[in-house]
Amino acid sequence: SCDDDELEVVSIALDRNHLSGPTPPELALLDQLTSLTLRGNSITGTLPSELGHFDNLIQFDVSDDDIEGSMLTEFGQPTQLTDLNLAFNRLIGTVPVELGYLTNIERLSMQSNQLVGP
């Protein structure tokens, strides 16, 4: 969806649309984005670090995809984030301490990955 004033994309919801392939780093060019949900697709590869640089992001959901690799330390940067859902992927490694910077977080879901606590 777009905001009415400036016609900028503020929300993308593409849940269960049979999308496949890597997450395009160009999504980060949508700097007014507040919600990005891509859950239930076949998104593969690692998450591009550019996705951690959304200043206005409130909701980020890529659960139930095929994302692999380690969690982004950049996820601690969008401090407006209230909902981060990375569950049911193939993430590995340590949960970054930077998640502690998410002072507004209300829901953090990371189950069914291979993550260990800091």
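Above: the structure in question.
Described below are features of the structure shown in this document. (Residues numbered from 1 in each chain as written. Predicted model: local features only at pLDDT ≥ 70, side-chain atom pairs only at ≥ 80, totals over all residues. Heavy atoms only, no water.)

### Observations regarding the pairing of strand β8 (residues 90–94)
Applied cut-off: Pairs of strands are assigned from DSSP output, requiring at least two bridges between the strands. Runs of E in the DSSP output that reach at least two residues are strands. Runs of H or I that reach at least four are helices, and both are numbered from the N terminus.
Where strand β6 (residues 66–69) meets β8, two bridges bridge the pair, whose relative direction is parallel. Among the inter-strand pairings, E68 is bridged to a residue of β8, identified as R90. Two elements, β8 and strand β10 (residues 114–116), share three bridges in a ladder whose sense is parallel. Within β10, the position partnered with G93 by the bridge is L115.

### A look at the nonpolar core
Put simply, the rule reads: As used here, the term nonpolar core means buried Ala, Val, Leu, Ile, Met, Phe, Trp, Tyr and Cys residues forming a set that is joined through side-chain atoms within 4.5 Å. Burial classes follow relative accessibility: with a 1.4 Å probe on protein chains only, a residue under 20% of its type's maximum area counts as buried, one over 50% as exposed, and anything between as partly exposed. Contacts were defined at the residue level, with two residues in contact if any of their heavy atoms lie within 4.5 Å.
Judged by nonpolar contacts, the single largest core of 24 residues is most densely connected at L36, L47, F60, F75, L84 and L86. In this structure L86 touches L47, F60, V62, S63, M71, F75, L91, S109, M110 and N113, once residues within four positions along its chain are discounted.

### Some thoughts on the sheet that holds strand β4 (residues 42–45)
As a reminder of what qualifies: Angles here are taken between N-to-C directions and fall from 0 to 180 degrees, while the axes themselves are lines fitted to C-alpha atoms, restricted in helices to the stretch in contact.
Overall, parallel pairing links the five strands, which are arranged β2-β4-β6-β8-β10 in an open sheet. Two strands close off the open sheet at either side, each with one partner strand: β2 (20–22) and β10. Neighbour to neighbour, the strand axes of the sheet diverge by 25° on average, direction disregarded. Summarising the sheet, β2 and β4 pair through three bridges and their orientation is parallel. Paired with S20 across the bridge in β4 is S42.

### Some words on unusual backbone geometry
For R16, which is not a glycine, the phi torsion comes out positive at approximately 50°. Looking at the secondary structure, you find R16 in the loop between β1 (11–13) and β2. Taking relative accessible area as the criterion, R16 reaches 53% and is therefore assigned exposed. Notably, H18 is not glycine yet its phi reads approximately 60°, a positive angle. Note on placement: H18 falls in the loop between β1 and β2. Residue class for H18 comes out exposed when judged on its relative accessible area of 75%.

### A word on the pattern of salt bridges
Defined as follows: Here, a salt bridge means any Lys or Arg side-chain nitrogen found within 4 Å of an Asp or Glu carboxyl oxygen.
Under the criterion given, the structure shown has four salt bridges. Of the charged contacts in the structure, one is a salt bridge between R90 and E68, with a shortest N-O distance of 3.0 Å. Linking R90 in strand β8 with E68 in strand β6, this pair joins segments that are 22 residues apart in sequence. A salt bridge links R107 to D83, with the shortest nitrogen-to-oxygen separation between them at 3.0 Å. Of this pair, R107 sits in strand β9 (residues 107–109) while D83 sits in strand β7 (residues 83–85), and the two are 24 residues apart along the sequence. Taken together, the shared-partner salt bridges in this structure form one network comprising D15, R39 and D61.

So, to be careful, I would describe these as geometric facts and stop short of saying anything about function.
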